[in-house]
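# Coordinate inspection notes
If you want the building blocks of each chain, they are given just below.
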Amino acid sequence: MNPAPAPAPSPGPAPATPAPFRPGAARLRRLTPWALVACAALAAYSNTPENGFVHDDTVRVLENKLIRSLRTIPDLYRQRGLAPTLLQNPMDSVVDYRPLTATTYALDWAAWGGPEPAGFHRTNLLLHVLACWALLFLGDALFGNRRAAAAAALLFAVHPVHTEAVDAIANRSDLLCGGLIFLAVGAFARAGAAAGTGRRGAWLALSAAAFGAGLLAKEMAVVAPGLMLLVVAFEARGRPGESATRARAVGRRLAGLAPHLLVFVLYLSARLAVLGSVEMGPSLFDKGGVAGPARVRTMLIVLADYLRLVLWPAGLTAEYAVNSVGYPHPETWFAPAVLGAVAVLGGCAAAFLFLARRAPGGAFGLGWFWLALAPVSNLVFRIYVVQAERLLYVPDAGILLAAGLGWSGLVARAERPGVGRGARVAAWVALGAFACGLGVATWRRNPVWQDAESLYGDVLEKQPNSPRALEWMANVLGRRSPAAALALAAELAKYPGWEANALRVSAFAHYALGEDALAVAEFERFERLGASWKASLYHARALARLARPEEAERVFRRARELGPYDAEIVRSLGEHLVRIGKVPEGLQVLTGAAELEAGSRTDGAAIVVGLARGCRGAGREDLARAALDRGVGDFPQAASCWSERGRLRLETGDPGGAVGDFERALALAGDRPDALHGLTRALLRLGRNDEAEPLARRAAAAAAIDAALAADLAQAGIAVPRREREREQE
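How each quantity is defined
Residues numbered from 1 in each chain as written. Predicted model: local features only at pLDDT ≥ 70, side-chain atom pairs only at ≥ 80, totals over all residues. Heavy atoms only, no water. Helix = DSSP H or I, 4+ residues; strand = E, 2+ residues; numbered from the N terminus. Contact = heavy atoms within 4.5 Å. Areas by Shrake-Rupley, 256 points an atom, 1.4 Å probe, with all protein chains shown as cover. Disulfide = S-S within 2.5 Å. Buried < 20%, exposed > 50% of the residue type's maximum accessible area, 1.4 Å probe, protein only. Core = buried A, V, L, I, M, F, W, Y, C linked by side-chain atoms within 4.5 Å. Expected span 1.5 Å × (residues − 1).

### Re the overall build of the protein chain
The helix and strand tally for the protein chain stands at 35 helices and 0 strands. C-alpha atoms of the protein chain, sized along the principal axes, occupy 100 × 70 × 45 Å. Within the protein chain, counting contacts between residues at least 6 apart in sequence, those at least 24 apart form 67% of the total. Put simply, the protein chain shows about 32500 Å² of open surface, and 60% of that area lies on carbon and sulfur atoms.

As structure tokens, this is what we get:
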């Protein structure tokens, strides 16, 4: 794709005074595009650290046991890295193998000291900046036009259609995969320019490595070799010389894809070994029973809308109604939406043929867009969603590269002799104004991802006919406003195919309202239509609250069969068994729940603590004390066991014994927050306020104090530090 070198200028008279050589100025000019692109991305997404964990972040980050320790990083490559439990859930239909993405979550967890959303969002922003730089590198490698590449990367950095990929921590795989695809294709293009030199092998090695890393970040990286073939095709078209010479050059370029083929085979082998399949699993089309021509008609409309979202990013939403089961797909090829989509796609094909003759760079960008969309089109491979903005993170780079080339051509014309300076200024001002407009739109959209209620409210505003969004909002409101959730459940029941979902939402709302008899009746109706481990869990809890222990045990066991690797379900069954007198079996089940919570069967101290908490949840403090007494004996260096035993002693009326346990925990683990808070409370209970006051300051500095400790401090007349009071109120 690099242009042929310009002919050497004819010799002319030497200048009277040669221009001084300024290496600093040249270096500054080279770095300016990189700095400009980074600053634009940082400015457009500067408000994202204010957002929390939302939507899929809960499952992929907060409930992912494998990312809570750097020691479990190797496990991410041996089993499903984004699974919410230690082992693969056989009931989960979504199949993914993205260990590199999960590794970044583990690094974030360690770096930020746990699930700190601002830190995770900062990492997402950094990855977006790196992806923008990779696109700048790609454009320069392809076209030898840094100005065009910088313009494309600038627009990519601030485009609002990328907010879903950047703002949602669960979509980090798109950022990683996108940046690595850009790097892989750019390095492959550099290898072509370095033909006949020793650097060719190094560029090919970098390209293959980036391709392999991209596959480990997200499956969409499978498109990278296809994009490299597109590079070869356009290089061959613009290569001078006889056809035989061009054929040999193309053969050498195709031979450069051999390392990529080897990497792909290794990836497929690893995926097959871990998942037992190379398929992605069923899509929402499969769940809705949509196949054949109806599926193709729908995807034609979606593909045309993808192009619209890139060219006119209005009406952005985190969920499109087309993703909903029961969505009314077009029944005929003569539907207006289908005809319009066919016209758009036909126009794109005509534009590609026209640009291939007149402006190969523009044709390349258009070809990139449609080729990169192929793996996520549900026409070549099956993927879960039908339409999502995050899937445009790689494809729209082609359109933006073409736009950058077009703008660069206008600037080049404005720089010709005889053209006024105003034309050049106007071209630069137009690019700046357009980028600023996109950046402002991005900055204004970011707060939509602040929390679940704001996100789903925005979806319902943009897609009022999306039952999926209606169900999500009902689930959110069910936690704090069950009556509102009941009203939404009634609306959800009006959609064909969503009756079971409406029953489930309604049953949870009745449970939250304490209307256990109604909840049980609706859970039973729901379970006749479908299966859900969460529904069975709360069905069993409602039966237990109605004093129907035998029925509750039966439903608890059914919930465990549906979710054998969900620690909450297993723990709830164990607590119920202990509560109804089946102590040996209950303790065995609670031990299994603690193993799941610990995330590793070798973490004995964590298992002891989990077992003790399960016994306490069942109202058996005696069993909890026995477990902890054995735990501090078996694991004397485990601060968690000492702190948990101190907490039990404090809450069962033994503050003197609790002081010793908490002090032992602090001696082992420094300023451990739970031990500091517990020791402060124990000292207050013993009337040792003079010792408790300085300790309270240490406890407040370690972590925000809870309401119980705040009340004890207030009763003792000890002022809580201002900063910590404010954090507690927040």
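### A closer look at the state of the cysteines
All chains considered together, the criterion is met by 0 disulfides. Just so you know, Cys177 is unpaired, no disulfide at all, and the nearest cysteine sulfur is the one on Cys132, 15 Å from it. Overall, the relative accessible area of 1% leaves Cys177 in the buried class. In this structure Cys641 is not part of a disulfide, and its nearest cysteine sulfur, from Cys615, lies 13 Å away. Note on Cys641: relative accessible area 0%, which makes it buried.

### As for the nonpolar core
Within the largest apolar cluster, 108 residues are counted, with the highest numbers of intra-cluster contacts made by Phe182, Tyr306 and Trp368. The biggest single contributor to this core is helix H5 (residues 117–143), with 12 residues. Those residues in contact with Trp368, other than ones at most four positions away along the chain, are Leu138, Phe182, Val185, Leu227, Leu230, Val394, Pro395, Ala397 and Gly398. Among the nonpolar cores identified, the runner-up in size contains 42 residues, and Val608, Val609, Trp642 and Leu676 belong to it.

### Points about helix H25 (residues 549–562)
Between its terminal C-alpha atoms H25 stretches 20 Å, which fits the 20 Å expected from 14 residues at 1.5 Å a residue. Listing the buried residues of H25 in full gives Ala552, Glu553, Val555, Phe556, Ala559 and Leu562. Check the buried side of H25 and you find it contacts helix H24 (533–545) and helix H26 (567–579).

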